[in-house]
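Chain by chain, the residues run as shown.
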Amino acid sequence: MAQATSQNDHRKAPVMRVTQYDQVSSSLIAVVLALIIAVLWLSIVWISNRLPQTENEVALEMIDLAGGAEDGAPDESLMVESPEDPVDDPSQIDTPDEENQVEEMLDSVVELSDKATQQVQQQTQTDLSNSGKVGSAVGTGKRALGLGPGKRGLPREQRWFIKFSDRGSLIDYAKQIDYFKIELGALLRSGKMIYLSNASSDKPVIRTASSGANEKRLYMTWQGGERKTSDLSLFKKAGHDVAGAILFHFYPKETENKLLTIEKKYRNKKFDEIRRTYFTVRGNRAGYNFEVTRQTYFQ
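Please read all numbers here as calculations on a predicted model, not as lab measurements.

The rules behind these values
Residues numbered from 1 in each chain as written. Predicted model: local features only at pLDDT ≥ 70, side-chain atom pairs only at ≥ 80, totals over all residues. Heavy atoms only, no water. Helix = DSSP H or I, 4+ residues; strand = E, 2+ residues; numbered from the N terminus. Buried < 20%, exposed > 50% of the residue type's maximum accessible area, 1.4 Å probe, protein only. Contact = heavy atoms within 4.5 Å. Pairing = 2+ DSSP bridges. Axes fitted to C-alpha atoms, helices over the stretch in contact; angles between N-to-C directions. Phe/Tyr/Trp six-rings, centres within 6.5 Å; stacked < 30°, edge-to-face > 60°. Lys NZ or Arg CZ within 6 Å of the ring centre and 35° of its normal. Parallel < 35°, antiparallel > 145°, perpendicular 65-115°, else oblique. Nonpolar A, V, L, I, M, F, W, Y, C, P; charged D, E, K, R; others polar.

A. Fine view of the overall build of the chain. Check the secondary structure of the chain and you find 7 helices and 8 strands. The buried share of the chain, reckoned over its 299 residues, is 20%. For the chain, contacts bridging at least 24 residues in sequence account for 69% of all contacts bridging at least 6.

B. Highlighting the sheet that holds strand 2 (residues 183–187). Pairing in this open sheet of 5 strands is antiparallel, and the strands run 4-3-2-6-5 from one edge to the other. Each edge of the open sheet is held by one strand with a lone partner, namely strand 4 (205–209) and strand 5 (218–221). Taken pair by pair, the neighbouring strands of this sheet meet at an average axis angle of 25°, ignoring direction.

C. Inspection of the environment of F279 at higher detail. Within the secondary structure, F279 is located in strand 7 (residues 274–283). Judged by its relative accessible area of 1%, F279 falls in the buried class. Considering only alpha carbons, one finds F279 and R294, 15 residues apart in sequence, at a separation of 7.6 Å. Non-local contacts of F279, meaning those with residues more than four positions away in its chain, are made with W160, F161, I162, K163, L259, I262, E263, F290, E291 and V292.

D. Representation of the packing of aromatic side chains in the model. Counted according to the given criterion, the structure contains 11 aromatic pairs. Ring centres of Y179 and Y288 lie 5.8 Å apart, and the angle between their planes is 75°; this geometry places the pair in the edge-to-face category. You can see Y179 sitting in helix 5 (residues 170–179) and its partner Y288 sitting in strand 8 (residues 288–297), a full 109 residues away along the chain. Between F180 and F290, the ring centres sit 4.1 Å apart and the planes meet at 25°, which makes this aromatic pair stacked. One end of the pair, F180, is in the loop between helix 5 and strand 2; the other, F290, is in strand 8, and 110 residues separate them in sequence. Grouping residues by exposure puts F180 and F290 together as buried. Here the aromatic cluster, defined as three or more aromatic residues joined through ring pairs, consists of W160, Y179, F180, F279, Y288 and F290. The ring of Y278 is capped by R294, whose NZ or CZ atom sits 4.1 Å from the centre of that ring.

E. Representation of the packing of helix 5 against helix 6 (residues 228–237) within the structure. Contact geometry for helix 5 and helix 6: axes closest at 11 Å, N-to-C directions at 90°. Classified by the interaxial angle, the pair formed by helix 5 and helix 6 is roughly perpendicular. Note on element contacts: helix 6 touches helix 5 through S230, D231, S233 and L234, opposite L170, Y173 and A174. The class makeup of the residues in the contact of helix 5 with helix 6 is 4 nonpolar, 2 polar and 1 charged.

F. The pairing of strand 3 (residues 193–197), seen in detail. Strand 3 sits mainly inside the fold: 5 of its 5 residues count as buried. Of the two faces of strand 3, both are covered, the one formed by M193, Y195 and S197 as well as the one formed by I194 and L196. Here 4 bridges tie strand 2 to strand 3, and the two strands are oriented antiparallel to one another. Residue A186 lies in a different strand from strand 3, and its bridge partner there is I194. Turn length for the strand 2-strand 3 hairpin, with the two strands adjacent in sequence and antiparallel, is 5 residues, and the turn residue G191 shows positive phi of about 95°. Bridge count between strand 3 and strand 4: 5 bridges; the pairing is antiparallel. Looking at the pairing, Y195 lines up with R207 of strand 4.

G. Expanded view of the pairing of strand 5. Burial along strand 5 is one-sided: the residues L218 and M220 are buried and none of Y219 and T221 is. Bridging between strand 5 and strand 6 (residues 246–251) involves 4 bridges; their strand directions are antiparallel. The residue of strand 6 that forms the bridge with L218 is Y251.

H. Spatial organisation of the sheet that holds strand 8. Within the open sheet, the 3 strands sit side by side as 1-7-8. Their pairing is mixed. Where the open sheet ends on each side, the last strands, each with one partner, are strand 1 (160–163) and strand 8. The average undirected angle you get between the axes of adjacent strands in this sheet is 25°. Here strand 1 pairs with strand 7 via 4 bridges, running parallel.

Here it is, written out as structure tokens:
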């Protein structure tokens with residue numbers, strides 16, 4: 001009995017330990033889990049940074065509306081239709097003398113007094129006739145803005161307002177101008193026009209013209225904001241002091257078509273229904289773009 005007890009005391013107690021197989025298998029599992037997490041993270045980063053899909057923009061046809069200037073044009077005259085041929089000398093037009101005018105005035109007073117006593121004229125009568133002598137005149141005949149039988153609407157240069165951000169440095173503003181291929185213009189008091197392009201480069205391109213009479217591009221002028229002084233600084237940097245001149249932004253056809261497309265896609269309104277479209281310049285990964293911030297419409 002004592003011998004059996006002694007043999008039991010020499011037996012080793014069972015011990016649990018991690019084998020080499022367990023170490024290898026756990027390492028492989030950890031590596032696989034790390035790869036799965038890395039793939040998921042990379043997928044999320046790729047999806048979040050993926051550029052938006054560009055839509056195929058339909059080219060718009062440039063059509064000038066027949067609508068007139070909203071505030072009127074100071075260099076135009078009224079179109080008056082007349083059965084008589086126009087004459088260069090107004091003195092040749094047969095006009096009544098002063099005696100005939102006095103007689104006609106007296107006859108008119110008597111006639112009005114008779115009508116006042118009768119009180120039989122209908123208040124709803126609207127068919128009026130002109131009793132005066134026909135004249136002879138011509139004019140430019142541009143139809144004014146309104147709701148009459150003619151085509152309504154405003155041309156692009158009157159309904160577009162473009163705002164450049166007042167923030168940022170002068171070179172940032174010059175890069176925006178060059179990105180849209182906008183050429184700056186300064187009309188001096190002498191009538192001479194100075195053009196500036198490639199404003200962000202070290203050597204901007206300067207060219208001059210005797211006047212801007214032959215300019216056919218869409219142009220914008222400053223209505224406010226602080227960026228007008230930036231144009232003056234760009235001209236001064238190029239060696240031309242244009243203080244006191246009228247400043248212009250001349251837009252190429254490519255940029256003009258882009259503005260038309262963005263204007264149409266904003267609310268899908270017809271151009272003759274739009275009264276004002278307000279654009280602003282935004283930066284993106286590709287460079288810059290125009291965005292519509294607000295539109296107003298004709299009632």
